[in-house]
Amino acid sequence: METLVFQGLIGLSLAMYLWLISAGLTIIFGVLGVINFAHGSLFMLGAYFAFTFYGLLGWNFGLAIAGSLAGVALVGWVMERWFLRALYGVDEAYQLLLTFGFVLILDDAVKIVWGGLFRIPPIPAFLEGSWSVVGRPFPVYNAFIIAAGVAVGIVLWLGFEGTWWGKTVRATASDREMANAIGVNVPRVFSGVFMVGAMLAALGGALGTPVRVASPGLGAAMIIQAFVITVIGGLGNLKGAFVGSLIVGVLSAYGTLRFPEFEMFLIYLIMAVVLLVRPQGLFAR
Amino acid sequence: MAADVMHAGAQARGGAGGRVAVGALVLALMLLPLVGGRYAQYVAIQVAILALFALGFNILFGYSGLLSFGQAGFYAVGAYGCAKLLLLKPSLLFGVIGGTALAGVAALALGVLCIRHTRIYFSMLTLAFGMMIFSLALKWRDFTGGDDGLVGIPRAPLEIPWVLSIDMASMGRYYYFVMAVALLAIAVAYRLVRSPLGLTFQGIRDSETRMAFTGVPVRRYRLIAFVVAGLYAGLAGALLPALENTVTPPVAHWSTSADPVLATLMGGVQSFAGPIVGAFLFFMIKDIIVRFTEYWLICLGVIVVVLVMGFRGGVLSLVEGRWRTRRRVEVES
Amino acid sequence: MIPVLLEAQALRKTFGHLAAVDNVSLSLEPGVLTAIIGPNGAGKTTLINLLTGLLLPDTGTVRFKAEDISRLPAHARVRRGIARSFQIMTIFPSLTVQENILLPALARRGRNHRAFARLEGEGEAFGDAQEILGEIGLWEQRDVQVRALSHGDQRRLELGIAVATRPELCFLDEPSSGMNPIERQAVLGLIRKLSAERRTTFVIIEHDMDVVFSLSERIVVMNRGQVLADGTPAAIRENRAVRETYLGTEV
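The rules we used
Residues numbered from 1 in each chain as written. Chains lettered and ligands numbered in written order. Predicted model: local features only at pLDDT ≥ 70, side-chain atom pairs only at ≥ 80, totals over all residues. Helix = DSSP H or I, 4+ residues; strand = E, 2+ residues; numbered from the N terminus. Rg over C-alpha atoms; globule rule 2.2 N^0.38 Å. Buried ≥ 20, exposed ≤ 12 C-beta atoms within 10 Å, placed from the backbone. Contact = placed C-beta atoms within 7 Å. Nonpolar A, V, L, I, M, F, W, Y, C, P; charged D, E, K, R; others polar. Pairing = 2+ DSSP bridges. Axes fitted to C-alpha atoms, helices over the stretch in contact; angles between N-to-C directions. Expected span 1.5 Å × (residues − 1). Parallel < 35°, antiparallel > 145°, perpendicular 65-115°, else oblique. Core = buried A, V, L, I, M, F, W, Y, C linked by C-beta atoms within 7 Å. pLDDT = per-residue confidence, 0-100.

## What to know about the overall build of chain B
Piece 1. What chain B contains, in helices and strands, is 15 helices and four strands.
Piece 2. Taken over the C-alpha trace, chain B has a radius of gyration of 20 Å; the compact-globule value for 333 residues is 20 Å, and the two agree within 12%.
Piece 3. Counting only C-alpha atoms and orienting by the principal axes, one finds that chain B spans roughly 60 × 50 × 45 Å.
Piece 4. Put simply, chain B has 333 residues, and 56% of those count as buried.

Take a look at the structure:
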């Protein structure tokens with residue numbers, strides 16, 4: 001019983017990284033209609049930037065995170081503004097291929113800049129240690145991650161429902177031409193959304209670094225999981241992505257306990273079943 | 001506008017030139033083992049394998065408009081299937097044909113599910129199924145050998161019972177076998193795209209709605225295209241085990257699915273020879289780049305970005321109108 | 001000759017709270033060139049979509065030559081002799097003019113699946129295509145890529161593709177839309193000719209009243225998803241309800 005609860009909490013913290021990367025991916029799809037293959041690479045970049053600022057340069061933790069977000073936002077802006085934007089009228093397949101090209105570039109670029117080894121920055125002092133949960137040591141950092149993930153969820157929800165910018169984005173997502181007709185600067189909205197999505201991925205990577213290693217293969221590993229989650233939750237569905245992340249995160253945690261052999265297959269099977277039976281996602285309205 | 005009309009005419013004239021080029025190419029391939037060493041033959045085989053893989057992919061993508069990210073799944077079924085068959089009975093044809101057939105069956109089974117959707121959902125479905133096959137290859141130790149894969153696969157002799165048995169141990173012999181198979185498969189594909197079926201595929205790509213309103217059950221034809229692509233992927237995979245004597249899980253990974261996509265993009269999506277030319281370019285470029293730097297993926301990425309941004313027709317679109325899928329169709333009287 | 005070619009009964013299709021087609025019943029007789037008119041949003045295109053199989057009705061039935069086709073997919077209806085053209089051009093843009101007509105010609109003969117036959121060998125289909133291209137006046141441009149055609153020529157091609165399956169019933173959704181007066185007259189002349197020569201019954205959605213009143217033998221007026229009036233051009237002209245809601249005092 002204790003194992004179940006404990007593993008569930010581990011799964012919850014894992015789910016939060018997944019949530020951060022999936023949120024960005026699903027928002028970008030929902031508004032721009034693009035599946036950003038490079039999203040995993042942006043996550044990875046966030047991890048590397050955080051490692052550099054916090055681990056190598058010794059910046060304050062908060063500052064390092066902020067720096068990481070800024071760096072990845074810049075990369076995201078370049079990608080969208082100077083490349084993706086030119087392809088909006090063209091067959092979606094080419095947009096996908098473009099983002100795939102960026103995966104190749106970014107994945108190798110991190111090797112060039114940071115070398116091929118794993119990078120693990122230390123956990124900031126105020127988040128070290130562990131709490132006793134059901135008789136086991138549960139890392140404080142994991143609790144922090146869970147809190148951060150939930151906080152981001154709340155901020156996003158408030159942002160999209162409450163603020164003027166959020167409403168503009170939702171209008172653009174549901175009808176691009178209409179939004180354009182009423183004066184919304186659609187290209188600028190697209191850029192903004194892409195950058196927000198990128199920053200979410202970066203946040204996931206940056207927060208994840210003390211626990212998950214920053215390595216060149218990280219991007220590829222994360223993107224696949226993000227795909228599964230956004231499909232389960234529904235492409236473009238933010239709440240769905242949150243629940244999907246919980247499902248995949250907790251299932252992974254239990255899976256590694258009980259059926260390590262099956263876990264991978266099971267996750268893809270769920271993705272396939274959702275696509276077949278309810279392609280708009282389990283949580284579509 | 002006039003350019004398009006010109007192209008139509010140019011293609012008719014390009015026919016004869018095309019035949020000469022193909023003839024020269026076949027001749028060059030025949031002579032390769034005499035001038036090139038073992039390594040050249042090895043690379044040529046790999047080019048042929050990728051060419052077949054990409055050719056099938058493009059029948060699905062360039063001709064029918066369906067972008068699949070899971071072709072590596074069928075490539076793997078072909079590879080593992082052939083390997084298992086060769087380990088069972090060391091006869092090359094048995095393994096290659098068997099592996100291909102197994103891939104075809106897998107494509108049929110999964111295709112029935114995949115083609116119920118289009119566009120992004122189709123692509124995601126193919127990705128999911130491809131990765132399911134990958135996870136089987138990786139984790140099902142008892143059957144697939146897990147991450148060690150299958151080893152000790154013999155380069156079995158080419159046997160037709162009671163007719164002939166040719167030993168295939170030398171690279172040269174296997175090279176000729178692969179080239180023969182590849183040329184045959186390319187000829188079949190060429191015939192297919194120039195047939196009513198090929199035109200129907202293109203109609204589906206251009207407008208599924210209009211296709212339905214000509215009285216054609218579109219879903220069925222999407223499935224046919226999917227199975228054809230799966231067969232070619234399986235054939236390509238089946239040629240692999242005897243070459244390397246081993247098959248490992250990466251053949252099923254989605255990054256392997258990317259190879260035919262990139263090759264086709266490089267050579268040209270809208271042309272028959274595009275995937276073939278692209279396969280050749282892919283290896284050539286890789287070979288050149290790798291001599292200068294180990295970071296060849298970033299170069300590949302840059303090439304992809306450049307192609308997608310400016311040269312979506314690939315290299316062959318720069319060679320105006322000769323090898324296009326668009327051509328003047330004249331009825332025989 | 002069968003008295004009724006197509007019969008629709010109590011067709012209803014809603015999108016959310018909007019009933020695009022609301023309890024529509026209609027009978028189409030062979031050989032009677034019919035026009036469906038009505039203001040934008042009246043449900044004309046939705047009705048055609050229901051009759052041709054692009055949409056399935058919520059309730060109601062469609063019978064074609066006494067067979068219930070209410071839930072048949074589009075391609076099955078085409079095989080039974082129904083065809084259509086679209087308001088938004090639905091042709092094969094990257095193929096040539098001839099190939100656009102070849103595809104329905106091949107389909108009519110059940111030859112699409114032939115994988116190892118050379119396309120050039122399909123003499124019968126080519127013959128059909130030649131005939132149709134001649135009728136619609138696009139034979140000279142048969143090798144031109146459709147994308148390169150003028151708008152008017154593309155519309156003619158759309159018409160050609162629709163009749164290439166030799167349908168008994170052919171729906172044309174705004175066949176002259178976007179054309180200048182000369183092109184319009186040409187297309188209408190074509191429809192008139194095809195209607196007279198073939199055994200195809202045409203049903204057209206049109207906005208141009210001159211076209212409607214000169215071409216059709218029967219007019220169905222729709223408004224807000226329902227049939228407002230149904231009769232000969234003379235009767236419709238006199239119909240007060242129609243004049244108030246749609247025609248105004250122009251006619």
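Now, onward.
## Side note on the interface of chain C and chain B
Piece 1. On the chain B side, the residues contacting the 41 residues of chain C number 31 residues.
Piece 2. Those elements that provide at least two residues to the side of chain C that touches chain B are helix 2 (74–79), strand 6 (82–85), helix 3 (97–108) and helix 4 (123–136) of chain C.
Piece 3. At eight residues, the largest contribution of residues to the side of chain C that touches chain B is made by helix 3 of chain C.
Piece 4. Residue composition of the side of chain C that touches chain B, grouped by class: 20 nonpolar, eleven polar and ten charged.

## Description of the sheet that holds strand 9 (residues 218–223) of chain C
All names here are of chain C.
Piece 1. Strand order in this open sheet of six strands is 6-7-8-3-9-10, and the pairing throughout is mixed. Either end of the sheet is taken by a strand with one partner, and the two such strands are strand 6 and strand 10 (226–231). The sheet shows a mean angle of 20° between the axes of neighbouring strands, direction not considered.
Piece 2. Across four bridges, strand 3 (residues 34–37) lies against strand 9 in parallel orientation. Paired with alanine 35 across the two strands is isoleucine 219, which belongs to strand 9.

## Description of the interface of chain B and chain A
Piece 1. Every contact between the two is made by 29 residues of chain B and, on the other side, 30 residues of chain A.
Piece 2. Residue assignment for the side of chain B that touches chain A shows that the elements contributing at least two residues are helix 5 (119–139), helix 12 (254–267) and helix 14 (296–310) of chain B.
Piece 3. Ranked by residue count, the leading element in the side of chain B that touches chain A is helix 5 of chain B, at twelve residues.

## Observations concerning helix 3 (residues 61–82) of chain A
Residue and element names in this part refer to chain A.
Piece 1. The terminal C-alpha atoms of helix 3 lie 32 Å apart, and with 22 residues this matches the ideal 32 Å at 1.5 Å per residue to within 8%.
Piece 2. All buried positions along helix 3 are accounted for by Ala64, Ile65, Gly67, Ser68, Leu69, Gly71, Val72, Val75, Gly76, Met79 and Glu80.
Piece 3. Check the buried side of helix 3 and you find it contacts helix 2 (39–56), helix 4 (92–114) and helix 8 (186–208).

## Description of the packing of helix 6 (residues 164–174) of chain A against helix 8 of chain A
Residue and element names in this part refer to chain A.
Piece 1. At their nearest, the axes of helix 6 and helix 8 sit 10 Å apart, and the two run at 110° to each other. The angle between helix 6 and helix 8 falls in the class roughly perpendicular. Where helix 6 abuts helix 8, its residues Thr168, Val169 and Thr172 lie against Val186, Val189 and Val193.
Piece 2. Residues that form the contact of helix 6 with helix 8 fall into these classes: four nonpolar, two polar and no charged.

## Let's talk about the pairing of strand 4 (residues 59–64) of chain C
All names here are of chain C.
Piece 1. Here strand 1 (residues 6–15) runs beside strand 4; their pairing, made up of five bridges, is antiparallel. Directly across from arginine 12, in strand 4, lies its bridge partner threonine 59.
Piece 2. Counted along the chain from strand 4 to the antiparallel partner strand 5 (residues 67–68), the turn is two residues long, and its residue lysine 65 has a positive phi close to 50°.

## Re the nonpolar core
One recurring pattern in soluble globular proteins is that nonpolar side chains are buried together.
Piece 1. Ranked by size, the top nonpolar core spans 280 residues in total, and within it Ala202 of chain A together with Leu52, Ala128, Tyr232 and Val304 of chain B carry the most contacts.
Piece 2. Looking at which element gives the most residues to this core, the answer is helix 1 (residues 2–32) of chain A, with 18 residues.
Piece 3. The contacts of valine 304 of chain B, once residues within four sequence positions are left out, are Leu97, Phe100, Gly101 and Leu104 of chain A together with Leu262 and Leu265 of chain B.

## What about helix 3 of chain C?
Piece 1. Between its terminal C-alpha atoms helix 3 of chain C stretches 18 Å, which fits the 16 Å expected from twelve residues at 1.5 Å a residue.
Piece 2. Among the residues making up helix 3 of chain C, those that are buried are Val97, Gln98, Glu99, Asn100, Ile101, Leu102, Leu103, Pro104, Ala105, Leu106, Ala107 and Arg108 of chain C.
Piece 3. Against helix 8 (196–206) of chain B together with helix 4 and helix 5 (151–163) of chain C lie the buried residues of helix 3 of chain C.
Piece 4. Following helix 3 of chain C by one or two positions, glycine 110 of chain C adopts a phi angle in the positive range, close to 65°.

## Points about the pairing of strand 2 (residues 136–139) of chain A
Residue and element names in this part refer to chain A.
Piece 1. In terms of strand pairing, strand 1 (residues 130–133) meets strand 2 through four bridges, oriented antiparallel. Across the sheet, the residue bridging to serine 132 is proline 137, located in strand 2.
Piece 2. Connecting strand 1 to the antiparallel partner strand 2 that follows it, the hairpin turn spans two residues, and valine 134 within it adopts a positive phi of roughly 40°.

## A few points about unusual backbone geometry
Peptide bonds are mostly trans, and most non-glycine residues show a negative phi.
Residues and elements named next belong to chain C.
Piece 1. For alanine 66, which is not a glycine, the phi torsion comes out positive at approximately 75°.
Piece 2. By secondary structure assignment, the location of alanine 66 is in the loop between strand 4 and strand 5.
Piece 3. We classify alanine 66 as exposed; it has 9 C-beta atoms within 10 Å.
Piece 4. Phi is positive for arginine 224, which is not a glycine, with a value near 50°.

## Some thoughts on the confidence of the model for chain B
Residues and elements named next belong to chain B.
Piece 1. Looking at chain B, pLDDT values average 86 and 90% of them are 70 or higher.
Piece 2. Put simply, helix 1 (residues 2–35) is where chain B has its lowest mean pLDDT, 65, and helix 10 (residues 218–238) is where it has its highest, 96.
Piece 3. Low pLDDT, under 50, characterises residues 1–14; the stretch is placed with 25 contacts to residues that sit more than four places away or in other chains.
Piece 4. Throughout residues 321–333 the model reports pLDDT below 50, and contacts reaching past four residues in sequence, or to other chains, amount to 43 contacts.

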